[in-house]
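Observations on chain architecture
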Amino acid sequence: MRTTTGWQTADSASGLNRVPLERRDLRPDDVAVRVDYCGVCHTDLHAVRSGEGHPLVPGHEFTGVVTETGRAVTKLGIGDPVAVGNIVDSCGVCAMCRVGQQNFCHEFPTLTYGGVDRVDGSTTLGGYARECVVRERFAHALPAGLDPASAAPLLCAGITVWEPLRALDVGPGSRVAVAGLGGLGHLAVKMAVALGAAITVISRSPAKVDDARKLGAHDLIVSTDEAQLNGARERFDVLLDTISAPHDLAPYLRLVALDGTLSQVGYLGPVSVATIDLLIGRKRLTSAGSGGLPATAEMLEFCASHGITADIELLPSAQVNEALQRLARNDVRYRFVLDLSDLD
Ligand SMILES: NC(=O)c1ccc[n+]([C@@H]2O[C@H](COP(=O)([O-])OP(=O)(O)OC[C@H]3O[C@@H](n4cnc5c(N)ncnc54)[C@H](OP(=O)(O)O)[C@@H]3O)[C@@H](O)[C@H]2O)c1
Ligand SMILES: [Zn+2]
Ligand SMILES: [Zn+2]
């Protein structure tokens with residue numbers, strides 16, 4: 001085993017503590033990555049506050065540099081900048097893996113934290129740590145020109161909105177709404193704008209209207225304003241819902257156009273839907289999560305060529321508990337990224 005330092009929960013109440021951590025010795029197809037920057041995803045907050053799964057080292061969108069390679073590693077070398085998302089392994093042979101959708105692996109993909117390692121059965125520990133050991137296939141080369149700190153959130157927030165935008169054929173002429181202007185939402189706006197779509201943000205926060213425009217949106221609908229919601233009835237071909245809390249889908253479905261789609265990627269618990277809200281207008285309800293290896297590589301290239309990264313607030317990792325508290329209060333524009341160099 002090799003040792004590193006990271007931020008770990010003891011339980012759901014006491015926040016994260018700086019602790020020594022063990023990483024596995026490199027297998028032939030592993031690389032060791034010095035983690036430089038790790039985004040703080042709302043899923044980390046859900047996990048830290050959950051009653052289960054502790055002790056936990058969160059973090060599943062990070063960038064860093066390869067420091068060591070296993071003997072069978074061919075694509076990456078020492079010193080290469082890499083990016084890792086929320087999947088670090090999959091079976092590789094099922095129908096989903098074969099079509100490049102490792103995120104839907106029939107054996108369930110190995111999550112970057114709180115997952116079960118496919119070889120040794122250990123619980124995976126995430127990127128709130130100075131070093132990670134990861135299978136080469138799941139460490140993406142970070143394209144030149146992407147700033148490693150603000151690119152880190154592309155690996156969870158970015159890919160999670162990229163796959164549905166692409167699967168739903170968002171492009172020039174598409175009328176797209178993004179509900180919830182947070183980490184996922186602001187990247188969805190940037191990506192959909194770059195794909196050529198016309199974007200509206202739907203937010204509880206009227207104070208975000210200027211930001212929405214700066215991100216490239218045409219419009220912001222305040223979700224608590226009935227008149228604004230009524231005025232936008234059946235206006236959108238695609239409504240990407242990134243809201244982090246349980247909520248009624250009916251008011252959002254009313255905004256979807258004939259044969260349009262509501263893609264719910266934010267809150268992943270049970271939802272109830274009245275069939276009539278889908279029937280009227282032949283509307284579709286779908287979801288998505290994370291991304292396969294080919295889509296992740298495609299997304300990184302697209303972001304590099306369009307200059308897309310997250311709008312971040314970079315914090316020393318010692319401020320991780322404050323970052324989580326502020327994220328819970330919706331006090332972030334639009335993603336916290338931890339600088340792990342203070343763990344040296
Ligand atoms: N599908 C996946 O694989 C996947 C991947 C990553 C994250 N997630 C999930 O996606 C969700 C969003 O993550 P994130 O990191 O983008 O979170 P975030 O930065 O906190 O953004 C969530 C946004 O949702 C809106 N919101 C929050 N509470 C709300 C409420 N009670 N009612 C209405 N709107 C509310 C807020 O936007 P406004 O201020 O604009 O209203 C907030 O900025 C989380 O639940 C996370 O677990 C899913
Ligand atoms: Zn995430
Ligand atoms: Zn598989």
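If you look the chain up in an unreviewed UniProt entry, it shows as alcohol dehydrogenase (NADP(+)) from Phytoactinopolyspora mesophila. Under the UniProt heading Catalytic activity (unreviewed entry), the note attached to the chain is "a primary alcohol + NADP(+) = an aldehyde + NADPH + H(+)". Under Sequence similarities (unreviewed entry), UniProt gives the following word-for-word description of the chain: "Belongs to the zinc-containing alcohol dehydrogenase family."

Details of the pairing of strand β2 (residues 16-23)
Pairing between strand β1 (residues 2-9) and β2: 8 bridges, direction antiparallel. Residue pairing for β2: T5 is matched across the bridge by P20. Remark: 6 residues form the turn of the hairpin made by β1 and β2, two consecutive strands paired antiparallel; G15 in that turn has positive phi of roughly 75°.

Focus: the sheet that holds strand β10 (residues 175-179)
Strands belonging to one sheet form pairs held by backbone hydrogen bonds; the direction of such a pair is parallel or antiparallel. On the basis of which strands lie adjacent, the open sheet formed by 6 strands has the order β12-β11-β10-β13-β14-β15 and parallel pairing. Two strands lie at the open edges of the sheet, namely β12 (219-222) and β15 (284-286), each paired on one side alone. The sheet shows a mean angle of 20° between the axes of neighbouring strands, taken without regard to direction. In the sheet, strand β14 (residues 256-264) pairs with β15 via 3 bridges, with the strands oriented parallel. Its bridge partner being in β15, L262 is matched across the sheet by L285.

Thoughts on helix α1 (residues 42-49)
When we look at burial in α1, the residues that qualify are H42, T43, D44, A47 and V48. On the buried face of α1, the contacting elements are β1, β2, α5 (183-194) and α11 (320-328).

Thoughts on the site of ligand 1
Around ligand 1 sit 30 residues, and of these H42, G180, G182, S203 and G289 come closest. Elements represented by at least two residues in the shell around ligand 1 include exactly α1, α4 (157-167) and α5. Residues from two domains meet in the shell around ligand 1; each of domain 1 (2-156 + 291-343) and domain 2 (158-286) gives at least three.

Section: the environment of L168
Mapped onto the elements of the fold, L168 is located in the loop between α4 and β10. The spatial distance from the C-alpha of L168 to the C-alpha of V238 is 7.5 Å, given a sequence separation of 70 residues. In contact with L168, other than residues within four places in its own chain, are V238, T261 and S263.

What to know about the pairing of strand β5 (residues 81-84)
Bridge count between strand β4 (residues 62-69) and β5: 4 bridges; the pairing is antiparallel. Counted as the bridge partner of V65 is P81 from β5. Direction of pairing for β5 relative to strand β9 (residues 140-141): antiparallel, over a ladder of 2 bridges. By the bridge assignment for β9, V82 is matched with A141.

Side note on helix α10 (residues 293-306)
Because an α-helix completes one turn every 3.6 residues, residues spaced three or four positions apart along the sequence face the same direction. With 14 residues, α10 extends 20 Å from end C-alpha to end C-alpha; this agrees with the ideal 20 Å at 1.5 Å per step. Along α10, the positions that sit buried rather than exposed are T296, M299, L300 and C303. Projection of α10 onto a plane perpendicular to its axis shows the buried side chains occupying an angular sector of 100°, all on one side. Seen from the open side of α10, the exposed residues pointing more than 90 degrees away from its buried face are P294 and S305. In this structure, the buried side of α10 is in contact with β5, β9 and α4.

Describing the environment of D331
Along the chain, D331 falls in the loop between α11 and β17 (335-339). We classify D331 as exposed; it has 11 C-beta atoms within 10 Å. As a C-alpha pair, D331 and E226 span 105 residues in sequence and 25 Å in three-dimensional space.

Parameters at a glance
- Residues numbered from 1 in each chain as written.
- Chains lettered and ligands numbered in written order.
- Predicted model: local features only at pLDDT ≥ 70, side-chain atom pairs only at ≥ 80, totals over all residues.
- UniProt positions renumbered as here; feature names shortened; annotations may be inferred.
- Pairing = 2+ DSSP bridges.
- Helix = DSSP H or I, 4+ residues; strand = E, 2+ residues; numbered from the N terminus.
- Axes fitted to C-alpha atoms, helices over the stretch in contact; angles between N-to-C directions.
- Buried ≥ 20, exposed ≤ 12 C-beta atoms within 10 Å, placed from the backbone.
- Contact = placed C-beta atoms within 7 Å.
- Near = placed C-beta within 6 Å.
- Domains from an automatic or database assignment.
- Expected span 1.5 Å × (residues − 1).
- Arc of directions from axis to C-beta.

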